[in-house]
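Architecture and fold: a report
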Amino acid sequence: MPAKRQNRPAKPRLKRTVVLIGMMGAGKTAVGTALARMLGVPFVDSDQEIERAANMTVAEIFERDGEAFFRARESEVLSRLLAGPPCILSAGGGAFLAERNREEIARHGVAVWLKADLDLLWSRVRHKTTRPLLRTPDPRRTLAELLAAREPIYAQAGLTVEARPHYSIDDMARKVIETLATRPDILETA
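Residues numbered from 1 in each chain as written. Predicted model: local features only at pLDDT ≥ 70, side-chain atom pairs only at ≥ 80, totals over all residues. Heavy atoms only, no water.

1. With respect to the pattern of salt bridges
Heads up, the rule is: Salt bridges are identified by distance alone: a Lys or Arg side-chain nitrogen within 4 Å of an Asp or Glu carboxyl oxygen. A helix here means a DSSP run of H or I that spans at least four residues, while a strand means a run of E at least two residues long, and both kinds are numbered starting from the N terminus.
This structure, assessed with the given rule, holds 17 salt bridges. In this structure, aspartate 185 and arginine 16 form a salt bridge, with 3.4 Å as the shortest nitrogen-oxygen distance. You can see aspartate 185 sitting in the loop between α8 (169-180) and β7 (187-188) and its partner arginine 16 sitting in the loop between β1 (13-14) and β2 (17-21), a full 169 residues away along the chain. Between glutamate 162 and lysine 115 there is a salt bridge, and its shortest N-O distance comes to 3.7 Å. Residue glutamate 162 is found in strand β6 (residues 159-162), and its partner lysine 115 is found in strand β5 (residues 109-115); the two are separated by 47 residues along the sequence.

2. Here's the deal with the nonpolar core
Stated formally: Residues belong to one nonpolar core when they are buried, are Ala, Val, Leu, Ile, Met, Phe, Trp, Tyr or Cys, and are joined through side-chain atoms within 4.5 Å. Using a 1.4 Å probe on the protein chains alone, a residue whose accessible area is under 20% of its type maximum counts as buried, one over 50% counts as exposed, and one in between counts as partly exposed. Contacts were defined at the residue level, with two residues in contact if any of their heavy atoms lie within 4.5 Å.
With 59 residues, the main nonpolar core has Val18, Ile21, Leu39, Ile88, Val112, Leu114 and Leu180 as its most contacted residues. Apart from residues no more than four positions distant in its own chain, isoleucine 21 is found in contact with Lys28, Ala91, Phe96, Ala111, Val112, Trp113, Leu114, Tyr154 and Ala157.

3. Details of the sheet that holds β5
As a reminder, the rule being used: A pair of strands is treated as paired once DSSP finds two or more bridges between them. Fitted lines through C-alpha atoms serve as axes, helices being fitted only where they are in contact, and the angles separating the N-to-C directions of these axes extend from 0 to 180 degrees.
Taken in spatial order, the five strands make up an open sheet running β3-β4-β2-β5-β6, and their pairing is parallel. Each of the sheet's edge strands pairs with one partner strand only, and the pair in question is β3 (43-45) and β6. Sheet twist, expressed as the average angle between the axes of neighbouring strands with direction ignored, equals 25°. Both β2 and strand β4 (residues 88-90) contribute to a ladder of three bridges, which runs parallel. Its bridge partner lying in β4, valine 19 is registered against leucine 89. Most of the contacts of helix α5 (residues 99-108) go to β5, to which it runs at about 115°, and overall it touches β2 and β5.

4. Some thoughts on helix α4 (residues 67-82)
One turn of an α-helix holds 3.6 residues; hence residues three or four places apart share an orientation. What counts here: Helix span, as expected, comes to 1.5 Å for every residue beyond the first.
Taking 1.5 Å per residue as the helical rise, α4 with its 16 residues ought to reach 22 Å, and the 22 Å between its terminal C-alpha atoms agrees with that figure. Taken together, the buried positions of α4 are Phe70, Arg71, Glu74, Ser75, Val77, Leu78, Leu81 and Leu82.

5. As for the environment of glutamate 51
The condition is simple: Definition of a polar contact: a pair of N or O atoms within 3.5 Å, with one able to donate and the other able to accept a hydrogen when the atoms are protein atoms, and with sequence-neighbouring residues admitted only if both atoms are side-chain atoms.
Mapped onto the elements of the fold, glutamate 51 is located in helix α2 (residues 46-54). Spatially, the C-alpha atom of glutamate 51 lies 27 Å from that of leucine 120, the residues being 69 residues apart in sequence. In this view, glutamate 51 contacts Met56, Thr57 and Val58; residues no more than four positions away in its chain are not counted. Within the structure, the side chain of glutamate 51 is placed 3.0 Å from the backbone nitrogen of valine 58, a separation counted as a polar contact.

6. Quick word on the pairing of β6
The side-chain alternation of β6 yields one buried face, formed by Leu159 and Val161, and one unburied face, formed by Thr160 and Glu162. Both β5 and β6 contribute to a ladder of four bridges, which runs parallel. What sits directly across from valine 112, in β6, is leucine 159.

In C-alpha cells:
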C-alpha cells in the first residue's frame, strides 16, 4: 500500500523580485534574510554586492570616490540583480531616491517600504560606526532630516509594512509575506 501524502500547504512562490527599501535601521537586511528563508529564495544585499565588486566598504567608497560615484554603481548593481531570477533584495537606504531606480524596480519587481519611526531607527543605528551619512556632529538630527526628506519618496513604494518595536524579525517577515500575498502578480500563494 502506498504511503499517504500529508496535505501540507504549498509554499508561496515568488514571481518577481521583492526590493526592500527604507531608512538605515529599518531592518532591510535582517527582515530580508528571514523573508528569503521563509519563501525559499535567495537573499541579496545591494550594498554587499557593491562592496564585493569594488573590494571596498561602502564607507570607503563614499570617502574615496564620493556619493555620486557610489549611487551610479548602486544603480548598475540594482539593474543587474533585477534582471536575474526572483529574490529578496535589500536596497541601500538611498537607492530608491533615484527615479531611474524606482522605475527599474517597478518594471522588474516590487518595492516594499519597511516603514519605521525615528525613535526605532535611532535605537538601531546609534551605536553603529558604519553609517557614512551619520558621521556628523548631531547624528540623530541628521537621521531625522534624512527621514523627513526621504519619507515622501519611500511612500511611492508599491507596498508598505509598518515596523513596530515589539515585532521580532520573523514577525516582520511574516507581515511582509501577508502584504505580498495581496499582490498575486508578485507572490503566488496557492
